[in-house]
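So you can see what is in the structure, the chains are spelled out below.
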Amino acid sequence: MYFFKKKLIFSFPKKKKMLLYVNSVDYIKNKESFFHETLDCNTYEVIDQNLYFINFWILLLTFLKLNFSSMSYKCTMIKWVRPKFFITNIDNDVNFYKLKPLFPNIIFVAIQNGWRGKANDIFGSHDFKNDPLYCDYIFVFNEDVSDVYRKFFNTKTIVSGSMIANTLKLFDPVTKKKKISFLLQFRTRKYYPFRSKPKKNNNNYLWDDLFLNTSIILKYLGEYCHLNNIELNVIGRSRHGHDQIEENNFIKEYIHHDFKYIPKVNKYSSYNATSDSKVVVSINSTLTFELMALGKRVVNINTRSKIYQDIEDSFGYPAIKVREGCFWTESLDKEKIFNLINFAINST
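In short, a report on the structure.

Comments concerning the sheet that holds strand β3 (residues 44-48)
By definition, the strands of a sheet pair up through backbone hydrogen bonds, in either a parallel or an antiparallel sense. Taken in spatial order, the 6 strands of this open sheet run β3-β2-β5-β6-β7-β8, and their pairing is parallel. Two strands close off the open sheet at either side, each with one partner strand: β3 and β8 (154-159). Pairs of neighbouring strands in the sheet enclose a mean axial angle of 25°, with direction left out of account. Across 4 bridges, strand β2 (residues 18-22) lies against strand β5 (residues 85-88) in parallel orientation. The residue of β5 that forms the bridge with Y21 is T88. Helix α3 (residues 70-81) contacts β2, β3 and β5 of the sheet and is inclined by roughly 175° relative to β3. Across the sheet, helix α6 (residues 143-152) is in contact with β7 (134-140) and β8; its angle to β8 comes to roughly 170°.

Considering the environment of K296
Here K296 is to be found in the loop between α10 (286-293) and β15 (298-301). In the structure, K296 is positioned 123 residues away from P173 in sequence and 7.1 Å away in space, judged by C-alpha atoms. When sequence neighbours within four positions are dropped, the list of residues in contact with K296 reads F171, T175, T274, S275, D276, S277, K278, V280 and L291. Among the polar contacts listed, one links the side chain of K296 to the backbone oxygen of T274, at a separation of 3.1 Å. Polar contacts involving the side chain of K296 include one to the main-chain carbonyl oxygen of S275, which spans 3.2 Å.

A look at the sheet that holds strand β13 (residues 260-262)
Pairing in this open sheet of 6 strands is parallel, and the strands run β13-β12-β9-β14-β15-β16 from one edge to the other. Each edge of the open sheet carries a strand with a single partner, namely β13 and β16 (328-329). Across 5 bridges, strand β9 (residues 179-183) lies against strand β12 (residues 231-235) in parallel orientation. Bridging from a neighbouring strand, F182 pairs with V234 of β12. Here α10 sits on the sheet in contact with β9, β14 (279-282) and β15, set at roughly 155° to β15. Sheet strands in contact with helix α11 (residues 334-346) are β9, β14, β15 and β16, and its direction is about 160° off that of β15.

Things to note about helix α8 (residues 241-254)
Between its first and last C-alpha, α8 extends 21 Å over 14 residues, near the 20 Å set by a 1.5 Å rise per residue. Of the residues making up α8, those classed as buried are D243, Q244, E247, N248, F250 and I251. Projection of α8 onto a plane perpendicular to its axis shows the buried side chains occupying an angular sector of 160°, all on one side. Opposite the buried face of α8, by more than 90 degrees, sit the exposed residues H242 and I245.

Here we look at the pattern of salt bridges
Working definition: two side chains of opposite charge can pair if their charged atoms are close together. Inspection of every chain in the model, using the stated rule, returns 11 salt bridges. Of the charged contacts, one joins K179 and E231 as a salt bridge, the two residues approaching to 4.0 Å between their closest N and O atoms. Taken together, the residues span a long stretch of sequence, with K179 in strand β9 and E231 in strand β12 at a distance of 52 residues. For E231, a relative accessible area of 40% puts it in the partly exposed group. D276 serves as the salt-bridge partner of K179, at 2.9 Å between the closest nitrogen and oxygen. Of this pair, K179 sits in strand β9 while D276 is found in the loop between α9 (269-273) and β14, placing the two residues 97 residues apart along the sequence. Residue classification places K179 among the buried positions, given a relative accessible area of 7%. Here the residues in one salt-bridge network are K179, E231 and D276, joined through shared partners.

Quick look at the packing of aromatic side chains
Enumeration according to the criterion identifies 28 aromatic pairs in this entry. An angle of 20° between the planes, with centres 6.3 Å apart, marks the rings of F12 and W80 as stacked. Here F12 is found in the loop between β1 (7-9) and β2, whereas its partner W80 is found in helix α3, with 68 residues between them in sequence. The class of F12 is partly exposed, set by a relative accessible area of 47%. Under the relative-accessibility criterion, W80 is labelled partly exposed at 26%. Geometrically, the ring pair formed by W115 and F289 is stacked, given 6.4 Å between the ring centres and 15° between the ring planes. Of this pair, W115 sits in the loop between β6 (107-111) and α5 (122-125) while F289 sits in helix α10, placing them 174 residues apart in sequence. For W115, a relative accessible area of 16% corresponds to the buried category.

Calculation rules
- Residues numbered from 1 in each chain as written.
- Predicted model: local features only at pLDDT ≥ 70, side-chain atom pairs only at ≥ 80, totals over all residues.
- Heavy atoms only, no water.
- Pairing = 2+ DSSP bridges.
- Helix = DSSP H or I, 4+ residues; strand = E, 2+ residues; numbered from the N terminus.
- Axes fitted to C-alpha atoms, helices over the stretch in contact; angles between N-to-C directions.
- Contact = heavy atoms within 4.5 Å.
- Polar contact = N/O pair within 3.5 Å; in protein donor to acceptor, adjacent residues only side chain to side chain.
- Expected span 1.5 Å × (residues − 1).
- Buried < 20%, exposed > 50% of the residue type's maximum accessible area, 1.4 Å probe, protein only.
- Arc of directions from axis to C-beta.
- Salt bridge = Lys/Arg side-chain N within 4 Å of Asp/Glu carboxyl O.
- Phe/Tyr/Trp six-rings, centres within 6.5 Å; stacked < 30°, edge-to-face > 60°.

So, in structure tokens, the structure goes:
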């Protein structure tokens, strides 16, 4: 365990019925928390998944036992709080499941919080045969992903859909305004390695490699909307000001017509930003499937496999096995993409 860029908390953690295993955003227990609408913040304690927030007293107890690992710290916190339920919305964090055998009398609950694939995700990156993972209950998006979880995990599953999308109202299916929204997948860490597996030239794959197709799609959308007199919104991904500047600059490199950049300001802003759009265009993302479930017309262009063949699975994995459909494709052909958008706009 290292202590650079950590924040020490000096209040004693309280005994609670629930202990939540969350990221640093949810740790603060404000309205941006994943659990804000579902749990009273006074009914649970929290532990930061990445230990950006560290409780001084739990850390001291851990060190007094001559334990210095992050897992030892987490175990000390669990023993101190003595919860009946240990809950996470980070369903692809292996360390959460590894704690279950150590606390057989505590009910472990995971909540699916994102689209899950095989390659570079929990179903394909962990050796389940030699290192089995355990959980009492996992709340999942649908029956198909439920089958996958039960195949790999020692768990029971409950189909709940997306917890965040479940709190939102369905979109009006009759949207008269001619507007397209594109869900940006840009990362400011574009020169960082995405995968350690090297390319044929022995260089690592970078995040920037994934954005090559994004830049092409931005060009196509700018041209399509200009030719058809349609408004274009590009919905950002980051909530941080300096990242949002980079997002906007990235978009401007490839769209040379009018567009509106809409930065993400809270956990619901991306959903709300698409409310009056006729069609949403995306590369695979959790938001894509949530918007579809809420009644929004979507065109999905899943082309990352052209950069790295095992980077993620086909659109709609594991339910959809067909690579091409009436509103999804793995092609970067401009005419193909334009036809999909035409279909989404004009279909009744």
